[in-house]
Amino acid sequence: TTSSYSFTQITPTSKISRRSSGEILSTLSKNEETKNKKEDEYTSPFPLPNTLVQSALERDVPFGESSRKFRRTLYASDDWVKHRDPDRFFRNLSSLPFAGISVNLFNEIFFITSTAAFVNAFNIFTGDGYIDFQGVHHDAFMQLPKFVHLTMPMDPIKFTASAVGVLLGFRTNTSYQRWNEARSNWEAIVNSSRSIMRIASSWTLPAADDSNKEKRYKLLMEDLARATWSFPRSLRRHLLSAEEDEESFQQDVRDRLPDMHAEKLIAARHRPTRALFDLTNAVDKLPLPFNKRMHIDKNIVVLCDKCGASERIFNSPVPLVYTRITSRLLSVWLFFLPMCLYAPFSNTWNHTGMIPATALISFFFLGVEELAIQLEEPFSILAMTAYTDDIELSAIEYSQWHFTEEFSRQEE
């Protein structure tokens, strides 16, 4: 069988020799520090409009898109402690005006609130009159017939609120299920990659008559570790935009793989399947018993299945007819909301209580719809970089652990 990796191209002094575990850990630590620093900037109230929003405007990218890379959450024990902090309610409320969803929905909420202000001003100046700051009532500037006043009874809003709620609830649940399936796919990819390296490193048996078996075995395992890493790295690039990850992908591949195979992977039409091809060839080179080889192949099949499942989520949105009808009905419902709230707020000064009430209600409903939109495409908010780095580190460690122990026993 022709392998996709050649022994002669892998030498200890070549530029493609793999990094040590210490180097990997150091890189991961630096990436985590950078990630935490960016997240601190994102969650801080005042730098938010000055950094992310300004950056989005300069690149003509909506704020919601530019902020997605800062939502790739990966929790540790300290994060869970903060997550359960009793002061979280006050902290979340204090940052509400500067929250990402508030910034992203500013135009929509401003439009609905402006509509409420217009409805209020039109009605008091053309029909009901107004009360000045001294509490004196003044007649309207002009008296128009009642039928032209921008008012409606509350019944239409009450009767349709449940329908809007059902649409939003189904939309949100569907989007969360897509996110959960995407995360489960990557969980299976991580676990299967570990299983491949565990079985290969534990059951590979170098030939007894091979005079150079130690070096040959080391090259085989390093070859497999690189091939194992190349699949999740290719899939990550496949599920992210070229603008964000193409340059980094090419650099990572050229740093780790032999020149010829790196260029073939970069030039492939479908990089994840090319990476699976290389991984299968790397496994085929190992002197493994047949039954163990079959166990590894089952894990490779899982990788292929999860790649297809991820592509299904990425390429198939929630049916557009459902998304559009939900958005349109919600927009119409919120547009007529101020007309229905005008009369119920007659006990407030010049009915002005309807304006903040409209803003608050629109924020809640639009926020739920925005949440569904943000979760619908889950991969750009998943911590795929951390998953890929973890697979790389595990692959290197498995090859090192068994290599050290196996040849130590042979020397004894």
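Residues numbered from 1 in each chain as written. Predicted model: local features only at pLDDT ≥ 70, side-chain atom pairs only at ≥ 80, totals over all residues. Heavy atoms only, no water.

Draft legend 1. How the structure looks around the packing of aromatic side chains. The full count for this structure, using the stated rule, is 14 aromatic pairs. Ring geometry for tryptophan 333 against phenylalanine 365: centres 4.8 Å apart, planes inclined by 45°, an arrangement best described as tilted. Taken together, the residues span a long stretch of sequence, with tryptophan 333 in helix α14 (residues 320-341) and phenylalanine 365 in helix α15 (residues 354-376) at a distance of 32 residues. Tryptophan 333 sits in the buried class, given a relative accessible area of 8%. Relative accessible area serves as the criterion here: at 22%, phenylalanine 365 is assigned to the partly exposed category. Within the aromatic cluster, the residues linked to one another by ring pairs are Phe125, Tyr130 and Phe141. Stacked on the ring of tryptophan 203, the Lys or Arg lysine 292 has its end atom at 3.9 Å from the ring centre. (Phe/Tyr/Trp six-rings, centres within 6.5 Å; stacked < 30°, edge-to-face > 60°. Helix = DSSP H or I, 4+ residues; strand = E, 2+ residues; numbered from the N terminus. Buried < 20%, exposed > 50% of the residue type's maximum accessible area, 1.4 Å probe, protein only. Lys NZ or Arg CZ within 6 Å of the ring centre and 35° of its normal.)

Draft legend 2. Seen up close, the nonpolar core. Core analysis: the biggest nonpolar cluster contains 44 residues, and Trp186 and Leu224 have the highest contact counts within it. Elements supplying a minimum of two residues to this core: α8 (155-203), α9 (213-239), α10 (242-256), α11 (259-267), α12 (271-284), α13 (290-315) and α16 (384-411). Residues contacting tryptophan 186, with those up to four places away along its chain left out, are Pro232, Leu235, Arg236, Leu239, Phe379, Leu382, Met384, Tyr387 and Thr388. By size, the runner-up hydrophobic cluster in this structure holds 22 residues, among which are Ala116, Ile124, Cys340 and Met354. (Core = buried A, V, L, I, M, F, W, Y, C linked by side-chain atoms within 4.5 Å. Contact = heavy atoms within 4.5 Å.)

Draft legend 3. Broad picture of unusual backbone geometry. At asparagine 350, a position not held by glycine, the phi torsion is positive, near 55°. Mapped onto the elements of the fold, asparagine 350 is located in the loop between α14 and α15. We classify asparagine 350 as buried; its relative accessible area is 9%. Backbone geometry places histidine 351, a non-glycine residue, at a positive phi of 60°. Positionally, histidine 351 belongs in the loop between α14 and α15. For histidine 351, a relative accessible area of 12% puts it in the buried group.

Draft legend 4. Spotlight on the side chain of arginine 271. With respect to the secondary-structure elements, arginine 271 resides in helix α12. The buried category is assigned to arginine 271, whose relative accessible area is 13%. One polar contact links arginine 271 to glutamate 246, side chain to side chain, over a distance of 2.9 Å. Sequence-distant contacts of arginine 271, that is, excluding residues within four places in its chain, are made with Ser234, Arg237, Glu246, Phe249, Leu265 and Ile266. (Polar contact = N/O pair within 3.5 Å; in protein donor to acceptor, adjacent residues only side chain to side chain.)

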